[in-house]
Amino acid sequence: MGGVRTAGDLVLRMQLAEKMKIDEAKSYVASKLGVTVEDLCDVVTMTDIRTDLGLGLCHVEPSGKEINGIMAKCRIEEVLGIRINSVQRFKENAGILSKEARR
Amino acid sequence: MKEEKTFRTRMGDGSLVRMTEEEIRADIWAGTEDAVRCGKVEPMSEEDMEKLYDIVTAPGGVVGVSPGREIVLTNDSGGYKINVKSQVPLPKEMETLLYERCLGCDSVDIGNTDYNFKTAKGIAEREAGALQQALQVTTMPLLYGAMPDMGFYTQPDGPVGNWATLLPEGKIQEAWEAQEQAVKHSVKDITFVAEKMYKAGADGINLDTCGASGDADFLASLEACEQITSRHPDLPVEIGMAGEFVLGMHGRLKYKGKRLAGLYPHDQVKLVEEAGASIFGLVVNTNCSRSFPWNIARTITFTQACTKVAGIPVHADVGMGVCGVPMVEIMPADIVSRADKALVELGKVDGL
């Protein structure tokens, strides 16, 4: 689907986390982002959406405002309403989230 | 006399061939019939055969799906296709960034270049370190992948007897026992590695090329998947197959009461589902001596039977020598894109 160029990473996260088939996963992500299913693969629309929500991009103007990697994944967790293991581990290791809270 | 129009396509070994409309239609029919005969599945409808003919003969080099029909990608790259296979010296942590930022991949898996769990076990801490580093800087899902590759557990360098040599000697009981022991070793190693990767933050575990050593290999994958997902419901597992048919190297092994030997994709997916996996990687073998129309028709027939019953996403394996793709190292985009389009639009797969 184009990964972070579009919404491919987000749709795949729903397949992994919730075992959603492709149509259900795309509809879910589209509804969470407030776009149509066709928009999910449109690089222009998705660049705007990902920029506004800070969900990570494949190409950014160099600046301290870049949100990618673990920062973007913290936001993706919230936007999609799922738990991302790397985010949970990061928070746990950074002392933001206790092991007990994770359980 | 006017020469009959021909279309450029390829054989299963990748060689170029020109075929007439009649020849293409005949091969689509024959490929479908072969899948029906082997898998005891329903044939593709005549309407779908017509659509497949249009895909095979579509003008242009690369073809694509209609907007809105795009699907996602997982893979078994191991994060070493660029640094090892293409000899571009690059740490695999950084290679994942190329997949994400330059190639637009939906995900990638990190793995050891010697892509099997037995080898990965010995360096699991180091592998987990690389994965953790990559997870800090990438946004897309990162899985840890390897093959169960149960042949690695056989003598002389492994702990159990080699069933491939025991069977021809008529030592059936010994071959059975060797495979049963290898399943235990394999499950132990897979779950050990998975545990390390879970703690490093992996987005999932990719059990790749499952069933390569036969039914025992598939059993190890299913049992390992069940243990991983029971212990960590938030650690998804993808099970990708080695071939379309589970070889009965043991012959008597069962999972949840179902005999594994001889299963085709539409039966494999139900067991993978029961084991708790999130994604099933479907394989249909490519016949090198047959044309692309024959191979892709056969693939779509098996795929339709599988996606029809699947309760989890199905990702078609479209690498070298599987799902209509020719048996070549460097992929011809004309055929790969046609195989992809057919798998999405006719096979109804959820990913590649």
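For the structure, check the block above.
Residues numbered from 1 in each chain as written. Chains lettered and ligands numbered in written order. Predicted model: local features only at pLDDT ≥ 70, side-chain atom pairs only at ≥ 80, totals over all residues. Heavy atoms only, no water.

Participant: How would you sum up the nonpolar core? Please name residues and give values.
Facilitator: Core analysis: the biggest nonpolar cluster contains 126 residues, and A:Leu40 and B:Ile239 have the highest contact counts within it. Per-element tally for this core: the top contributor is helix H8 (residues 172-200) of chain B, with 11 residues. Among all residues touching A:Leu40, those that are not within four sequence positions of it are A:Met1, A:Thr6, A:Ala7, A:Val11, A:Lys26, A:Val29, A:Ala30, A:Leu33, A:Val35 and A:Met46. (Core = buried A, V, L, I, M, F, W, Y, C linked by side-chain atoms within 4.5 Å. Buried < 20%, exposed > 50% of the residue type's maximum accessible area, 1.4 Å probe, protein only. Helix = DSSP H or I, 4+ residues; strand = E, 2+ residues; numbered from the N terminus. Contact = heavy atoms within 4.5 Å.)

Participant: Provide a residue-level description of the environment of B:Asn116, including the pertinent values.
Facilitator: Residues and elements named next belong to chain B. Mapped onto the elements of the fold, Asn116 is located in the loop between strand S3 (108-110) and helix H5 (117-122). As for Asn116 and Ala202, which are separated by 86 residues in sequence, their C-alpha atoms are 17 Å apart. Contact partners of Asn116, with chain neighbours within four places excluded, come to Ala146, Met147, Asp149 and Phe152.

Participant: Describe the interface of chain B and chain A, listing the residues and the values that go with them.
Facilitator: Every contact between the two is made by 43 residues of chain B and, on the other side, 39 residues of chain A. A buried area of about 3000 Å², summed over both sides, lies between chain B and chain A, and 53% of it is on carbon and sulfur atoms. Interface area lost by chain B to chain A is led by B:Glu70, B:Arg101 and B:Thr139, which between them contribute 20%. For the pair chain B and chain A, the number of links is 3 salt bridges. Among the ionic pairs, A:Glu66 bridges to B:Arg101, the shortest N-O distance being 4.0 Å. Between chain B and chain A we count 25 residue pairs in polar contact (both at pLDDT 80 or more) in total. Looking at the side of chain B that touches chain A, the elements with two or more residues in it are helix H4 (92-102), helix H6 (124-137) and H8 of chain B. Here the side of chain B that touches chain A takes 4 residues from H6(B), the largest share from any one element. (Buried area = accessible area lost by both parts, 1.4 Å probe. Salt bridge = Lys/Arg side-chain N within 4 Å of Asp/Glu carboxyl O. Polar contact = N/O pair within 3.5 Å; in protein donor to acceptor, adjacent residues only side chain to side chain.)

Participant: Could you give an account of the packing of helix H1 (residues 21-39) of chain B against helix H11 (residues 292-309) of chain B, with specific residues and numbers?
Facilitator: Residue and element names in this part refer to chain B. Relative orientation of the contacting elements H1 and H11 amounts to 40°, with a least axis distance of 7 Å. It follows that H1 is oblique to H11 by the angle criterion. Taken as a pair, H1 and H11 cross one another with a handedness that is right-handed. Within the contact between the two elements, H1 uses Ile24, Asp27, Ile28, Ala30, Gly31, Thr32, Asp34, Ala35, Val36, Cys38 and Gly39 and H11 uses Pro293, Trp294, Ala297, Arg298, Thr301 and Phe302. (Axes fitted to C-alpha atoms, helices over the stretch in contact; angles between N-to-C directions. Parallel < 35°, antiparallel > 145°, perpendicular 65-115°, else oblique. Left-handed = near helix turned anticlockwise from the far one by under 90°.)

Participant: I'd like to hear about the pattern of salt bridges, residue by residue, with values.
Facilitator: Residue and element names in this part refer to chain A. Taken as a whole and assessed by the stated rule, the structure comprises 24 salt bridges over all chains. The partner of Glu92 in a salt bridge is Arg89, with the nearest N and O atoms 3.1 Å apart. Linking Glu92 with Arg89, this pair stays in helix H5 (residues 85-93), spanning 3 residues, or about one helical turn. Exposure class is identical for Glu92 and Arg89. Each is buried.

Participant: Please set out the pairing of strand S9 (residues 279-282) of chain B residue by residue, giving values where relevant.
Facilitator: All names here are of chain B. Burial of S9 is two-sided: the residues Ile279 and Gly281 facing one way and the residues Phe280 and Leu282 facing the other way are all buried. Sheet topology note: the strand S6 (residues 237-241)/S9 ladder contains 3 bridges and is parallel. By the bridge assignment for S9, Ile239 is matched with Phe280. Where S9 and strand S10 (residues 314-316) come together, 3 bridges link them in parallel fashion. Residue pairing for S10: Gly281 is matched across the bridge by His315. (Pairing = 2+ DSSP bridges.)

Participant: Talk me through the sheet that holds strand S5 (residues 204-210) of chain B; I want residue IDs and the actual numbers.
Facilitator: Residues and elements named next belong to chain B. The strand order across the open sheet built from 6 strands is S3-S4-S5-S6-S9-S10, with neighbouring strands paired in parallel fashion. Of all strands in the sheet, those with a lone pairing partner are S3 and S10, marking the two edges. Neighbour-to-neighbour, the strand axes of the sheet open up by a mean angle of 30°, direction not taken into account. Its contacts with the sheet place helix H9 (residues 215-231) against S5 and S6, and it is angled at close to 170° to S6.

Participant: Which residues make up the side chain of B:Asp34, and what values go with them?
Facilitator: Residue and element names in this part refer to chain B. Relative to the helices and strands, Asp34 resides in helix H1. Look at Asp34 and you get buried, because its relative accessible area is 15%. Among the polar contacts made by the side chain of Asp34, one reaches the side chain of Arg37 at a distance of 2.7 Å. Within the structure, Asp34 has its side chain in polar contact with the side chain of Arg298 (distance 2.6 Å). Setting aside residues up to four positions removed in sequence, Asp34 forms contacts with Trp294 and Arg298.

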